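So you can see what is in the structure, the chains are spelled out below.
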Amino acid sequence: MEVGLKIVEEPGERQGEHIPVLLAEVLAAARVRPGQRWIDGTFGRGGHARALLKQGAWVLGLDQDGEAEGAARMLEAEWPDKFKWKQRNFKELKTCALEYGWDKVDGILLDLGVSSPQLETPERGFSFRAEGPLDMRMDRSAGATAADLVNELSEGELSKLFYEHGGEREARRVARALVARRTRAPFRTTTDLASFVAETLPHRRAGGIHPATKVFQALRITVNREQEALLAALPQAVDIMQPGSVLAVISFHSGEDRAVKQFMRDRGAEWLDTPRHPNTVPNPQHYFREVKRYLPSEEEIARNPRARSARLRVAIRNEEILS
Ligand SMILES: C[S@@+](CC[C@H](N)C(=O)[O-])C[C@H]1O[C@@H](n2cnc3c(N)ncnc32)[C@H](O)[C@@H]1O
């Protein structure tokens, strides 16, 4: 026996795999009946889509990332009549549904953020752990990269985005330092940016998360216009939901979760709570009869640490559609 050699199995995913989070909770809330029509707006590697198919649903899968195609084609081959994938942004949710011939659906799932394969492929530039180009685009066919933003936005714009999308309390300090450094040498790689942020915030090094975590999150959200896509998709979801249908959204950071919570709460209230007439005016946008939140269990977090920050919010469409 070799002394001192300890092989530790990391819990959770193996390289290239993506474990779907809150899957049991999604399925319990979905209450799929055979023949129901579901849209999975964030196909990824198809973990949730496969589970919905197994329960008898028809699924239209969308993902803006062309790298999702391999897993999607395999699922199409397995379920030729029941599954179809398109490389599209879910900000076009309603158009995608109508193009597919569905004017109403029984369920919509959005599992926001990045997949494990995206995060673990250094060439995609999402992670500060391995050296790669500072890209971060989910759809690599278009748009500005993270390097474009870091090297071209003004100090004020960078500071605002680090604060608003990353919750970075020292956003100004980081932005000022980045702008001073890029005039000498523009940022090109993930590790260059990550170590520069760590040097700029030396007091953050002891314990805790990597000092560049929030800056990377903010850049990813901005590069992919994630907030914009979510805010565009939610009202479209309501438009195409059947009475009794399900909207399920999994988010991984507070900005996203706040937007989903607010959207569902505003449309789940029966009465409008105005200062002059509290609870006396019916809410003309009372579209959801039930709104719920689910958190991952301790057991799921132990199995899949990526689930730690996940929040699932589910809304059920009213039986009677008011509009
Ligand atoms: C967390 S993963 C989804 C994983 C998936 N549920 C599974 O079980 O494999 C998120 C996926 O959504 C995609 N995505 C994020 N925002 C998107 C958008 N606005 N439109 C389409 N796809 C998006 C990403 O490219 C990524 O593949």
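Residues numbered from 1 in each chain as written. Predicted model: local features only at pLDDT ≥ 70, side-chain atom pairs only at ≥ 80, totals over all residues.

## A word on the domain arrangement of the chain
Basically, it comes down to this: As used throughout, domain bounds are those supplied by an automatic or database domain assignment. Once C-beta atoms have been placed from the backbone, residue pairs whose C-beta atoms lie within 7 Å are recorded as contacts. Residue polarity is assigned by list, with Asp, Glu, Lys and Arg as charged and Ala, Val, Leu, Ile, Met, Phe, Trp, Tyr, Cys and Pro as nonpolar; anything else, Gly included, falls into the polar class.
Each assigned domain of the chain is listed here: domain 1 (23–116 + 226–317) and domain 2 (140–223). Here domain 1 and domain 2 have C-alpha centroids that lie 30 Å from each other. On the domain 2 side, the residues contacting the six residues of domain 1 number five residues. Taken together, the residues of the side of domain 1 that touches domain 2 break down into one nonpolar, four polar and one charged.

## Remarks on unusual backbone geometry
The condition is simple: Working definition: helices are DSSP H or I runs of at least four residues, strands are E runs of at least two. Numbering for both runs from the N terminus.
One non-glycine residue with positive phi stands out, namely Arg31, at about 45°. In this fold, Arg31 is placed in the loop between α1 (23–30) and β1 (37–40). Its identity is not glycine, yet Arg225 carries a phi of approximately 45°, on the positive side.

## Remarks on the sheet that holds strand β9 (residues 311–317)
In plain terms, the rule: DSSP bridges decide pairing: two strands pair if at least two such bridges lie between them. Note on method: axes are straight lines fitted to C-alpha atoms, helices fitted across the in-contact stretch only, with angles between N-to-C directions ranging 0 to 180 degrees.
The seven strands are arranged β3-β2-β1-β4-β5-β9-β8 in an open sheet whose pairing can be described as mixed. Only two strands of the sheet have a single partner each, and these edge strands are β3 (83–86) and β8 (288–294). Averaged over all adjacent pairs, the angle separating strand axes in this sheet is 15°, with direction ignored. Inspection of the sheet shows strand β4 (residues 105–111) paired to strand β5 (residues 241–251) by six bridges, in the parallel sense. Residue pairing in the sheet places Leu109 in a bridge with Ala248 of β5. Docked against the sheet, α1 engages β4, β5, β8 and β9, running at close to 170° with respect to β5. The strands touched by helix α3 (residues 69–78) within the sheet are β2 (58–62) and β3, with β3 carrying the most contacts at an inclination of about 155°.

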